[in-house]
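Here is what each chain is made of, one letter per residue.
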Amino acid sequence: MSVKSTRPRSSVSGQSPQSDPPPQAREGNRNSSDLAARRSSAARRRRLNIYALRVAFAVLWIGSWELTTSLNWVDPFFFGHPSGIVVRLWTWITDGTALGPLWLQVAVTMQETVLGFLVGSVLGAAFGILLGRVALLAEILSPFIKGANSIPRVVLGGLFAIMFGLGLSGKVATATVLVFFVVFFNAFQGVREVDRNLIANARILGADNRRMTAEIIIPSSLSWILASLHISFGLAIVGAVVGELFGATAGVGQLIYNAQHTFDINGVFAGMLLLAVMALVAEGILTAIENRLIKWRPRQLSGEIPI
Amino acid sequence: MAGAAIELRNVTKRFATPKGGIYTALRDLTMEVAPGEFCAVVGPTGCGKSTTLALISGLEPPSVGEVRVEGRAVRGIPDGIGYVFQTDAVFPWKTVLENVAAGPRYHGTPGREARDRAREWITRVGLAGFEDRYPHQLSGGMRKRVGLAQSLITGPKILLMDEPFSALDVQTRTLMEDELLALWASTSASVVFVTHDLEEAIALADRVFVLTAGPGTVKGNYAVDLPRPRKVAEIRFQPRFTEIYEAIWSQLRDEVLVSYERQKHAAAV
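Residues numbered from 1 in each chain as written. Chains lettered and ligands numbered in written order. Predicted model: local features only at pLDDT ≥ 70, side-chain atom pairs only at ≥ 80, totals over all residues.

Of the regular secondary structure elements, chain B holds eight helices and ten strands. Its C-alpha radius of gyration of 19 Å places chain B within 12% of the 18 Å reference for a compact globule of 269 residues. Counting only C-alpha atoms, chain B reaches 55 × 45 × 45 Å along its principal axes. In chain B, the share of contacts with a sequence separation of at least 24, taken over all contacts with a separation of at least 6, comes to 71%. (Helix = DSSP H or I, 4+ residues; strand = E, 2+ residues; numbered from the N terminus. Rg over C-alpha atoms; globule rule 2.2 N^0.38 Å. Contact = placed C-beta atoms within 7 Å.)

Dropping the structure here:
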């Protein structure tokens, strides 16, 4: 993602290579420092190329969309206009939406998402670790969990709308349920995958059950849990928006719903764009938290994953 | 012998295989380790060498027979056991300092005192200055030192080592073997050192147990009367070393051949 790929730029490629050569180049002869400089400039060129190609891709995609819809090759009534989407967003920002100011809609959806995400992932991680540790409990509950997991959870959105009404809690509940299972299964698997040697070592060193869980099991399964959080945040947004579609008084999902019912295709797209931006920002924050939490992992594992 | 540090008496260990069969790792194995003795256990691949350590440490109970440590029957993990594993078993999310301090902390030593003692041990294994590194930032040999410090800090009366240096390159390995001997000399621990390398076994140990091809049982045990302190790199050239090596190898060779034939058959089937 473009937000992240700016970071791996090393000191070598970031500045003039001659002023700050890497240690091995300083010790080596001219040849090796030349080599290092050439390699870093090649890396920088490659990165610039990637940026250029990304921009080209966006221009091609949005440009062809704009062109085909304005020439009426593709019906703009169904497919919207990129320029129309921008205009719609702008009027939302300046004049507010039919539901009130735009920031309020974003804030409402964000609140539902974040709450659902937090509740779902905490519960999911806690239950995953508990069932991973207590084999008997896992055996007893396994058919129920599998059964519950097979329910299309979006359907529950309708149920929650009835149970909790039009307020916040129904959406949070939908998001929670979506997040819970993903985090649960990852945490459960993570506990099961803990290296047997590490467990044996901790036992020999005298770790009791509480210490084993806190110092061995949880840190070890943390990389599994954190990996699931990336997917979960997207699911939390889905949960919040689906909840809003089933009935709400505010939120980006409600905005999309309204736009759809007034055949305002540009409004639907503008809402989707808002959700995408929200997801990207959250993804960046999550990655930062992850790198912080698992700083013991080797760089290439915890660091950049291009997509 | 009542005074033995470790006794395994007529021990058999069976495991259930995933296919529902039964695999016998050890059969009717009897061995004794005297207090303060450095024992090596050699044997062909898959003869149950590591299983003996699992039994002594209490990580696995024997199916038949009895295991006694310091005269007491083993139920669960006995006090005063140290275990250095074959693969890295240091905790990757803990720094070197936290790793070494883990044992004392688990035994109830307050955090600060545990860390002070850990710093001492880190210096003793030659890792001063690396306290705040994570294991992935260290070389294989350095991680092994962390593992050594981690188990030695608990002052084990019995130190179990499962091919601890097998993953190291030859130079690092010789270095580590010398350091192990120096560290051991400053303790009174009894050591059981499992290895498939007969040279390593003789260079380090007072006594070498040869196990048969699996299911393992003791084929013979040989006293190694080479003088201490030893230099591992040099001791190999002593004539007495060669004599002992030849005596043990003549026994071990047959077992290695049996094990090799079996593997060939298993591969052919």
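Residue and element names in this part refer to chain B. Summarising the element assignment, Gly58 is placed in the loop between α1 (49-57) and β4 (64-69). Accessibility expressed as a C-beta count within 10 Å gives 17 for Gly58, which makes it partly exposed. For the pair formed by Gly58 and Gly76, sequence separation is 18 residues and the distance between their alpha carbons is 4.8 Å. Setting aside residues no more than four positions away along its own chain, Gly58 makes contact with Val74, Gly76, Ile77 and Pro78. (Buried ≥ 20, exposed ≤ 12 C-beta atoms within 10 Å, placed from the backbone.)

What follows concerns helix α8 (residues 239-268) of chain B. Residues and elements named next belong to chain B. Over its 30 residues, α8 extends 41 Å from the first C-alpha to the last, a length consistent with the 44 Å expected when each residue adds 1.5 Å. Every buried residue belonging to α8 is among Ile244, Ile248, Leu252 and Glu255, and all of these are buried. At its buried positions, α8 is contacted by β3 (38-42), α6 (198-204), β9 (207-211) and β10 (218-223). (Expected span 1.5 Å × (residues − 1).)

Moving on: the packing of helix α2 (residues 96-106) of chain B against helix α3 (residues 111-124) of chain B. Residues and elements named next belong to chain B. Packing of α2 against α3 leaves a shortest axis separation of 8 Å and a crossing angle of 120 degrees. With respect to α3, the element α2 is oriented oblique. Taken as a pair, α2 and α3 cross one another with a handedness that is right-handed. Contacts between α2 and α3 involve Val96, Leu97, Val100, Ala101, Pro104 and Arg105 from the first element and Gly111, Ala114, Arg115, Arg117, Ala118, Arg119, Trp121 and Ile122 from the second. (Axes fitted to C-alpha atoms, helices over the stretch in contact; angles between N-to-C directions. Parallel < 35°, antiparallel > 145°, perpendicular 65-115°, else oblique. Left-handed = near helix turned anticlockwise from the far one by under 90°.)

Taken together, the contact between chain B and chain A spans 18 residues of the former and 14 residues of the latter. Those elements giving two or more residues to the side of chain B that touches chain A turn out to be β6 (81-84) and α2 of chain B. Across the side of chain B that touches chain A, the residue classes tally to twelve nonpolar, six polar and no charged. (Nonpolar A, V, L, I, M, F, W, Y, C, P; charged D, E, K, R; others polar.)

All names here are of chain B. Extensive coverage of α1 is indicated by the burial of eight of its nine residues. Within α1, burial applies to Lys49, Thr51, Thr52, Leu53, Ala54, Leu55, Ile56 and Ser57. Gly58 lies just past α1 and shows a positive phi near 80 degrees.

We now examine the domain arrangement of chain A. In terms of domain boundaries, chain A breaks down into domain 1 (11-79) and domain 2 (84-302). For domain 1 of chain A and domain 2 of chain A, the distance between their C-alpha centroids amounts to 33 Å. (Domains from an automatic or database assignment.)

Moving on, we get to the confidence of the model for chain A. Residue and element names in this part refer to chain A. Residues at a pLDDT of 70 or more form 87% of chain A, whose mean pLDDT is 84. For chain A, per-element mean pLDDT is lowest for helix α1 (residues 11-14), which scores 35, and highest for helix α6 (residues 102-133), which scores 94. Confidence drops under a pLDDT of 50 for residues 1-28, and excluding neighbours within four residues, the segment shows 29 contacts in the predicted structure. Low pLDDT, under 50, characterises residues 301-307; the stretch is placed with seven contacts to residues that sit more than four places away or in other chains. (pLDDT = per-residue confidence, 0-100.)

The next subject is the sheet that holds strand β1 (residues 6-16) of chain B. Residues and elements named next belong to chain B. Spatial ordering of the open sheet is given by β2-β1-β4-β5, a layout of four strands whose pairing is antiparallel. Of all strands in the sheet, those with a lone pairing partner are β2 (22-33) and β5 (72-73), marking the two edges. In terms of strand pairing, β1 meets β4 through five bridges, oriented antiparallel. Directly across from Ile6, in β4, lies its bridge partner Val69. Lying over the sheet, α1 contacts β1, β2 and β4, oriented at roughly 115 degrees with respect to β1. (Pairing = 2+ DSSP bridges.)

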